[in-house]
Amino acid sequence: MKYTTAFVFLWTIICNFSIFGQPISTLKAISPFPIGCAINPDLLTNDQLYKNVVTNEFSSITTENVLKCGTVHPKKDAYDFSKGDLLIEFALANNMRVHGHCLAWHVSVPKWLNEFQGDSAAWEKLLQQHIQTVVSHYKGKITSWDVVNEAFKDDGSYRMDTINDEKKHRYITLWRNHLGTDYIARAFIYAHKADPKVLLFYNEFAQEYSKEKLAAELKMVEDFKKRNIPISGLGIQMHINIDTKEEGIINALKKLAATGLLIHISELDIAVNTKKVDGFVFTDSLKALQSKKFAFVVQQYKKLVPKKQQYGITCWNVGDADSWLITWNKVIDYPLLFDTNYQRKECYEAFAKALK
Ligand code: XIL
């Protein structure tokens, strides 16, 4: 008993104080806006360390894959909310905000949807039913949704082509092909009808390097405002790397913030293996560059996005080993704030310092 008490006492000291006697704070304790991560239900269930880090450090979660169409809507007339429910129960039990991701996208298209045959009225019904069923299921529990994800190509045109990429994923923009570009506006309307209080985001990547895409997105927002389409915010994913130009980040944040909408850095990660080489070594100088870039993103977000529009910064995954760059893109990289053992990295300290 004595030993247990001593252990608990020591553990509390270790958890609360660094070796220099300074209290160790957590991201959510010091951040002026919500700090989030995309989470994975399997890791949450099977890895206690992962669960501890998510619980201690973050105040918001994004449902990484579990509410994408391919997972949540596996058959035309069947939905599977089991994994989504698990994440949401966890978040609500721990006082975390939940950001739902995503209602319409060109990836994670289930087989039944890919094969669906019907006229445009039938397609419209599918879009409406999908959105309204998923949003209604989480009404009052999910605070915000990425309604449409990645609708534009880097050249600023609407994504609509069928592409068989080298990974043999069939990326088809079904909604655009069958319903025209205004499916985007209607997706927002359907989501709003299902939960009038939920905040609705348009989420996109590459705004920091593609001026054309950024311009197309801003034009769409302008049009939505004129037509009173219920859009509350914009997600800038920020899958960037240590070489991403600072001017590009500044330009994107400035222009997105000028819309007056909420701005969410929604999928932050900073890759270091920019040439995607095998046998890559994460050297001290690369660690320093990554830390600098993480701090830069936070500083610019605080500076360029007015306080009332700061919806928060969300990292895409938690520890380096679970980054989508590794599990999905299959490259060696170390793009996150925590290492493969969920220990804080050098860039964590830089990120935290910039947040304060
Ligand atoms: C990624 C997930 O992280 C992977 O696990 C999945 O296999 C593929 O999708 N932009 C997005 C996210 O909006 O949904 C993507 O997530 C990463 C890029």
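Residues numbered from 1 in each chain as written. Predicted model: local features only at pLDDT ≥ 70, side-chain atom pairs only at ≥ 80, totals over all residues. Heavy atoms only, no water.

K.L.:
Please explain the overall build of the chain as it appears in this structure.
P.N.:
In terms of helices and strands, the chain carries 15 helices and 11 strands. For the chain, the proportion of its 356 residues judged to be buried stands at 52%. Taking all contacts inside the chain whose residues are at least 6 apart in sequence as the whole, residues at least 24 apart take part in 76%. (Helix = DSSP H or I, 4+ residues; strand = E, 2+ residues; numbered from the N terminus. Buried < 20%, exposed > 50% of the residue type's maximum accessible area, 1.4 Å probe, protein only. Contact = heavy atoms within 4.5 Å.)

K.L.:
Could you clarify how one ought to interpret the packing of helix α8 (residues 120–137) against helix α10 (residues 183–194) in this entry?
P.N.:
When two helices pack together, you describe them by how their axes are tilted relative to each other and by the distance separating the axes. Relative to each other, α8 and α10 sit at 40°, their axes nearing to 8 Å. The chirality of how α8 crosses α10 is right-handed. The segment α8 lies against α10, with Glu-124, Leu-127, Gln-128, Ile-131, Gln-132, Val-135 and Ser-136 engaging Tyr-183, Arg-186, Ala-187, Tyr-190, Ala-191, Lys-193 and Ala-194. (Axes fitted to C-alpha atoms, helices over the stretch in contact; angles between N-to-C directions. Left-handed = near helix turned anticlockwise from the far one by under 90°.)

K.L.:
What is the right way to look at the site of the ligand in this model?
P.N.:
Contacts to the ligand come from 13 residues, most closely from Glu-64, Asn-65, Lys-68, His-101 and Glu-267. Between an oxygen atom of the ligand and a side-chain N or O atom of Glu-267, the distance comes to 2.8 Å. A distance of 2.9 Å separates an oxygen atom of the ligand from a polar atom in the side chain of Trp-316. When isolated, the ligand has an accessible area of 410 Å², and the protein chains bury 88% of it. (Near = heavy atom within 4 Å. Polar contact = N/O pair within 3.5 Å; in protein donor to acceptor, adjacent residues only side chain to side chain. Areas by Shrake-Rupley, 256 points an atom, 1.4 Å probe, with all protein chains shown as cover.)

K.L.:
In this structure, what is going on with the state of the cysteines? I would like to understand it.
P.N.:
Note: disulfide means a covalent bond formed between the sulfur atoms of two cysteine side chains. Summed over the entire model, instances satisfying the criterion amount to 0 disulfides. Cys-315 takes part in no disulfide bond, and the closest cysteine sulfur, belonging to Cys-37, lies 7.6 Å away. By relative accessible area, which is 2% here, Cys-315 ends up buried. With no disulfide of its own, Cys-347 has Cys-315 as its nearest cysteine by sulfur position, at a separation of 8.9 Å. Overall, Cys-347 belongs to the buried group, its relative accessible area being 1%. (Disulfide = S-S within 2.5 Å.)

K.L.:
What should I look at first to understand the pattern of salt bridges in this one?
P.N.:
Pairing is possible between side chains of opposite charge, provided their charged atoms come close. In the structure shown here, the tally under the stated rule is 11 salt bridges. Here the residues in one salt-bridge network are Asp-154, Glu-204 and Lys-213, joined through shared partners. (Salt bridge = Lys/Arg side-chain N within 4 Å of Asp/Glu carboxyl O.)

K.L.:
I would appreciate a short explanation of helix α11 (residues 211–226) in the present structure.
P.N.:
Given 3.6 residues per turn, any residue in an α-helix points the same way as the ones three and four places further on. In a regular helix each residue adds 1.5 Å, so 16 residues correspond to 22 Å; α11 covers 23 Å between its end C-alpha atoms and thus fits that length. Buried residues belonging to α11 abut α10, β7 (199–204), β8 (233–236) and α12 (246–257). Asn-228 occupies a position one or two residues after α11 and carries a positive phi of about 55°. (Expected span 1.5 Å × (residues − 1).)

K.L.:
How should I be thinking about unusual backbone geometry in this particular structure?
P.N.:
Outside of glycine, negative phi angles account for most residues, and trans bonds account for most peptide bonds. Cis peptide bonds are those with omega within 30 degrees of zero, and the linkage from His-101 to Cys-102 qualifies with -10°. With respect to the element layout, Cys-102 can be found in strand β3 (residues 97–104). The phi angle at Ala-206 is positive, at roughly 75°, despite the residue not being glycine. Position of Ala-206 relative to the elements: it lies in the loop between β7 and α11. On the basis of relative accessible area, Ala-206 is assigned to the buried category, the value being 1%. One non-glycine residue, Met-238, adopts positive backbone phi at about 65°.

K.L.:
Please explain the pairing of β8 as it appears in this structure.
P.N.:
Regular strands place their side chains on alternate faces of the sheet. Along β8, one buried face is formed by Gly-233 and Gly-235 and the opposite face, lined by Leu-234 and Ile-236, is buried too. Pairing analysis gives 4 bridges linking β7 to β8, with the strands arranged parallel. When the sheet's bridge partners are listed, Phe-201 is paired in β8 with Gly-233. Following the chain from β7 across α11 to the adjacent parallel β8, one finds a crossover that is right-handed. Pairing of β8 with strand β10 (residues 262–271), which is carried by 4 bridges, proceeds in the parallel orientation. (Pairing = 2+ DSSP bridges. Right-handed = clockwise from strand over helix to strand, strands pointing away.)

K.L.:
Can you help me understand the packing of helix α13 (residues 284–304) against helix α15 (residues 346–355) in this one?
P.N.:
Between α13 and α15, the least distance of the axes is 8 Å, while the angle of their chain directions is 20°. When the interaxial angle is binned, α13 and α15 end up roughly parallel. Note that α13 runs across α15; the crossing there is right-handed. Facing α13, whose interface residues are Lys-287, Ala-288, Gln-290, Ser-291, Phe-294, Ala-295, Val-298, Gln-299 and Lys-302, α15 presents Glu-346, Cys-347, Ala-350, Phe-351, Ala-354 and Leu-355. Looking at side-chain class alone, the contact of α13 with α15 contains 9 nonpolar, 3 polar and 3 charged residues. (Parallel < 35°, antiparallel > 145°, perpendicular 65-115°, else oblique. Nonpolar A, V, L, I, M, F, W, Y, C, P; charged D, E, K, R; others polar.)

K.L.:
Please explain the pairing of β3 as it appears in this structure.
P.N.:
In terms of burial, β3 is largely enclosed, as 8 of its 8 residues are buried. Across 3 bridges, strand β2 (residues 60–63) lies against β3 in parallel orientation. From the neighbouring strand, Ile-61 faces β3, where its bridge partner is Val-98. The pairing of β3 with strand β4 (residues 144–149) spans 4 bridges and is parallel. Counterpart to His-101 in the pairing with β4 is Asp-146.

K.L.:
Mind showing me how you'd approach the side chain of Ser-232 here?
P.N.:
The topology assignment puts Ser-232 in the loop between α11 and β8. Of note is the side chain of Ser-232, whose polar atom sits 2.7 Å from the backbone nitrogen of Leu-200.

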